[in-house]
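As a plain string of letters, each chain reads:
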Amino acid sequence: QVQLVDSGGGWVQAGGPLRSSCTSLPVGVPIYTMGWYRQPPGMQRELVALIRPGGSTTSVDSLRGRFTISRDETNNTVRLQMISLKPGDAGVYYCFANPSWGRGTLVTVSS
């Protein structure tokens, strides 16, 4: 199937922004739903947001207003813009496009 290449994340002081992106390869293969999950340290993986080709999304209530997911269909790419990050947002963020997962990107938030 397709391969997912994710990048971004990093280190930021609390209150700052980070962004991540994920591209499904090969680009010519259509992908309908893509999104992000995250796994905080010592906790289970949880949904962050999903986006469909038409633009409809599924997201966690507590993240709305701080996390924004967008999609570039021509490039099979989804982006996650994160602002006002909190220490509780730290963890490994995984790109997802059924049935594939990205390798994960680390988000570290310092208080």
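Residues numbered from 1 in each chain as written. Predicted model: local features only at pLDDT ≥ 70, side-chain atom pairs only at ≥ 80, totals over all residues. Heavy atoms only, no water.

**Student:** Sorry, what's going on with the nonpolar core here?
**Tutor:** Where a protein is soluble and globular, its nonpolar side chains tend to be buried together. If you look at the biggest cluster of nonpolar residues, it comprises 23 residues, and the most contacted ones within it are Met 34, Trp 36, Val 48, Phe 67, Leu 80, Met 82 and Tyr 93. For this core, the elements supplying multiple residues, two or more each, are strand S3 (18-25), strand S4 (34-39), strand S5 (46-51), strand S7 (67-72), strand S8 (77-82), strand S9 (91-97) and strand S11 (105-110). (Core = buried A, V, L, I, M, F, W, Y, C linked by side-chain atoms within 4.5 Å. Buried < 20%, exposed > 50% of the residue type's maximum accessible area, 1.4 Å probe, protein only. Helix = DSSP H or I, 4+ residues; strand = E, 2+ residues; numbered from the N terminus.)

**Student:** Explain the sheet that holds S3 to me, please; I cannot follow it from the model alone.
**Tutor:** Either a parallel or an antiparallel arrangement is found when strands of a sheet pair, and the pairing is made through backbone hydrogen bonds. A sheet is described by the order of its strands in space; here 4 strands give the open sequence S1-S3-S8-S7, paired in antiparallel fashion. Two strands close off the open sheet at either side, each with one partner strand: strand S1 (3-8) and S7. Averaged over all adjacent pairs, the angle separating strand axes in this sheet is 15°, with direction ignored. Two elements, S3 and S8, share 6 bridges in a ladder whose sense is antiparallel. (Pairing = 2+ DSSP bridges. Axes fitted to C-alpha atoms, helices over the stretch in contact; angles between N-to-C directions.)

**Student:** Whenever I open this one, the state of the cysteines confuses me. Can you help?
**Tutor:** Note: disulfide means a covalent bond formed between the sulfur atoms of two cysteine side chains. If you walk through the whole model with that rule in mind, you get 1 disulfide. Each sulfur in the disulfide pair Cys 22 and Cys 95 lies 1.8 Å from the other. Handedness here is read from the sign of the S-S torsion; for Cys 22 and Cys 95, about -80°, the answer is left-handed. Taken as a pair, Cys 22 in strand S3 and Cys 95 in strand S9 lie far apart in primary sequence, 73 residues in all. On the basis of relative accessibility, which here comes to 0%, the residue Cys 22 falls in the buried class. (Disulfide = S-S within 2.5 Å.)

**Student:** Looking at this model, I keep getting lost on the environment of Ala 14. Mind explaining?
**Tutor:** For Ala 14, the location among the structural elements is in the loop between strand S2 (10-13) and S3. Owing to a relative accessible area of 34%, Ala 14 belongs among the partly exposed residues under this scheme. Along the chain, Ala 14 and Lys 86 lie 72 residues apart, while their C-alpha atoms are 5.2 Å from each other. Setting aside anything within four residues of it in sequence, one finds Ala 14 in contact with Leu 85, Pro 87, Val 109, Ser 110 and Ser 111. (Contact = heavy atoms within 4.5 Å.)

**Student:** I'm lost on the environment of Gly 15 in this one. Help?
**Tutor:** Along the chain, Gly 15 falls in the loop between S2 and S3. Along the chain, Gly 15 and Ser 110 lie 95 residues apart, while their C-alpha atoms are 9.2 Å from each other. With near-sequence residues (within four places) excluded, Gly 15 lies in contact with Ser 84 and Leu 85.

**Student:** Even after reading the chapter, I still don't get the pattern of salt bridges, so can you show me in this structure?
**Tutor:** Under the defined criterion, the tally for this structure stands at 4 salt bridges. Close ionic contact of Glu 46 with Arg 38 constitutes a salt bridge, the shortest N to O distance being 2.7 Å. Its salt-bridge partner being Asp 89, residue Arg 66 comes within 2.8 Å of it at the nearest N-O pair. Of this pair, Arg 66 sits in the loop between strand S6 (57-59) and S7 while Asp 89 is found in the loop between S8 and S9, placing the two residues 23 residues apart along the sequence. When sorted by exposure, Arg 66 lands in the same class as Asp 89, which is buried. Connected through salt bridges with shared partners, the residues Arg 38, Glu 46, Arg 66 and Asp 89 form a single ionic network. (Salt bridge = Lys/Arg side-chain N within 4 Å of Asp/Glu carboxyl O.)

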